[in-house]
Amino acid sequence: DAKTTQPPSMDCAEGRAANLPCNHSTISGNEYVYWYRQIHSQGPQYIIHGLKNNETNEMASLIITEDRKSSTLILPHATLRDTAVYYCIVRVVRLTGGGNKLTFGTGTQLKVEL
Amino acid sequence: DGGITQSPKYLFRKEGQNVTLSCEQNLNHDAMYWYRQDPGQGLRLIYYSQIVNDFQKGDIAEGYSVSREKKESFPLTVTSAQKNPTAFYLCASSPSGATEAFFGQGTRLTVV
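Residues numbered from 1 in each chain as written. Chains lettered and ligands numbered in written order. Predicted model: local features only at pLDDT ≥ 70, side-chain atom pairs only at ≥ 80, totals over all residues. Heavy atoms only, no water.

**Q** Any chance you could break down the overall build of chain A for me, citing the residues and the numbers?
**A** Helix and strand counts for chain A stand at 0 helices and 9 strands. Counted from the first residue to the last, chain A has its helices and strands arranged as β-β-β-β-β-β-β-β-β. For a compact globule of 114 residues, the expected C-alpha radius of gyration is about 13 Å, and chain A comes in at 14 Å, within 12% of that figure. In terms of overall dimensions, chain A has C-alpha extents of about 45 × 30 × 25 Å along its principal axes. Counting across all 114 residues of chain A, residues that qualify as buried make up 46%. Across chain A, every contact between residues at least 6 apart in sequence was considered, and the portion connecting residues at least 24 apart equals 59%. (Helix = DSSP H or I, 4+ residues; strand = E, 2+ residues; numbered from the N terminus. Rg over C-alpha atoms; globule rule 2.2 N^0.38 Å. Buried < 20%, exposed > 50% of the residue type's maximum accessible area, 1.4 Å probe, protein only. Contact = heavy atoms within 4.5 Å.)

Structure representation (structure tokens):
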């Protein structure tokens with residue numbers, strides 16, 4: 001699986017958009033980009049994933065560059081409860097026979113402040 | 001309710017003893033994973049299993065063992081060979097295809 005690079009920490013004012021970048025310059029054509037977050041001492045929570053098109057759900061938007069070498073997770077209106085470590089992961093996906101290796105990096109600690 | 005369950009939430013053991021952490025899922029997922037997390041660190045992959053009766057080493061498998069005799073269960077044994085076993089252990093499962101993995105709430109193991 002391709003490796004990812006994320007800034008170790010970011011701050012965001014409550015109510016503003018939080019834009020979290022991720023570099024995955026060695027990504028392969030069959031690798032998806034996944035984002036998870038982990039609030040202190042809990043299991044990670046899935047946020048969103050995509051292959052090459054931009055994606056949006058009720059939690060966030062995922063913008064993937066055309067060359068797929070980087071992506072940005074956008075939390076449109078950050079709240080204090082969004083304070084967490086955010087992990088960007090790239091992963092080969094199998095349609096059958098079980099999931100592939102799921103490797104986490106060190107993530108970005110997002111701190112949302114008043 | 002469907003989900004992934006780890007037990008117990010807190011576990012204490014004496015140094016030199018083997019200990020087995022439980023992970024059960026009723027989501028009918030093919031793949032299961034074990035991770036270790038140390039304070040202030042990210043998740044590191046210990047073992048993963050893509051299908052019943054098959055598993056592969058992750059990045060830090062030394063001192064650990066697993067089995068996958070049933071689809072629903074993927075127990076992790078922390079052996080006495082693991083030099084620094086005190087950590088937060090997380091289990092996850094995922095189905096085939098481009099969907100997310102689901103995580104348990106973790107077991108915090110303390111070896112004294």
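Once you've had a look at it, read on.
**Q** Help me get a handle on the pairing of strand 3 (residues 19-25) of chain B, residues and values and all.
**A** Residues and elements named next belong to chain B. Burial along strand 3 is one-sided: the face carrying Val19, Leu21, Cys23 and Gln25 is buried and the face carrying Thr20, Ser22 and Glu24 is not. Here 4 bridges tie strand 1 (residues 4-7) to strand 3, and the two strands are oriented antiparallel to one another. Bridge assignment links threonine 5 to a residue of strand 3, and that residue is glutamate 24. Bridge count between strand 3 and strand 8 (residues 76-78): 3 bridges; the pairing is antiparallel. The residue of strand 8 that forms the bridge with threonine 20 is threonine 77. (Pairing = 2+ DSSP bridges.)

**Q** How would you explain the packing of aromatic side chains if you had to name every residue and give the values?
**A** For the structure on display, the rule yields 11 aromatic pairs over all chains. Note on tyrosine 36 of chain A and phenylalanine 103 of chain B: the rings are 6.0 Å apart at their centroids and 80° apart in plane angle, and the pair reads as edge-to-face. You can see tyrosine 36 of chain A sitting in strand 3 (residues 31-38) and its partner phenylalanine 103 of chain B sitting in strand 10 (residues 102-103), one on each of two chains. Geometrically, the ring pair formed by phenylalanine 104 of chain A and tyrosine 35 of chain B is edge-to-face, given 5.4 Å between the ring centres and 85° between the ring planes. Pair noted here: phenylalanine 104 of chain A is in the loop between strand 8 (84-92) and strand 9 (108-113) and tyrosine 35 of chain B is in strand 4 (residues 31-37), and the two residues belong to different chains. As far as the burial class goes, phenylalanine 104 of chain A and tyrosine 35 of chain B line up, both buried. Members of the aromatic cluster, each reached through a chain of ring pairs, are Tyr36, Tyr46, Tyr87 and Phe104 of chain A together with Tyr33, Tyr35, Tyr48 and Phe103 of chain B. Taking the ring centre of tyrosine 34 of chain A as reference, the NZ or CZ of arginine 91 of chain A above it sits at 5.6 Å. Over the ring of phenylalanine 88 of chain B we find arginine 108 of chain B; its NZ or CZ atom is 4.5 Å from the centre of that ring. (Phe/Tyr/Trp six-rings, centres within 6.5 Å; stacked < 30°, edge-to-face > 60°. Lys NZ or Arg CZ within 6 Å of the ring centre and 35° of its normal.)

**Q** Tell me about the environment of isoleucine 47 of chain A, and please be specific about residues and values.
**A** All names here are of chain A. Among the structural elements, isoleucine 47 can be located in strand 4 (residues 45-50). Between the C-alpha atom of isoleucine 47 and that of tyrosine 34, which follows or precedes it by 13 residues, the distance is 7.7 Å. In contact with isoleucine 47, not counting residues within four places along its chain, are Trp35, Tyr36, Arg37, Asn57, Met59, Ala60, Leu73 and Tyr86.

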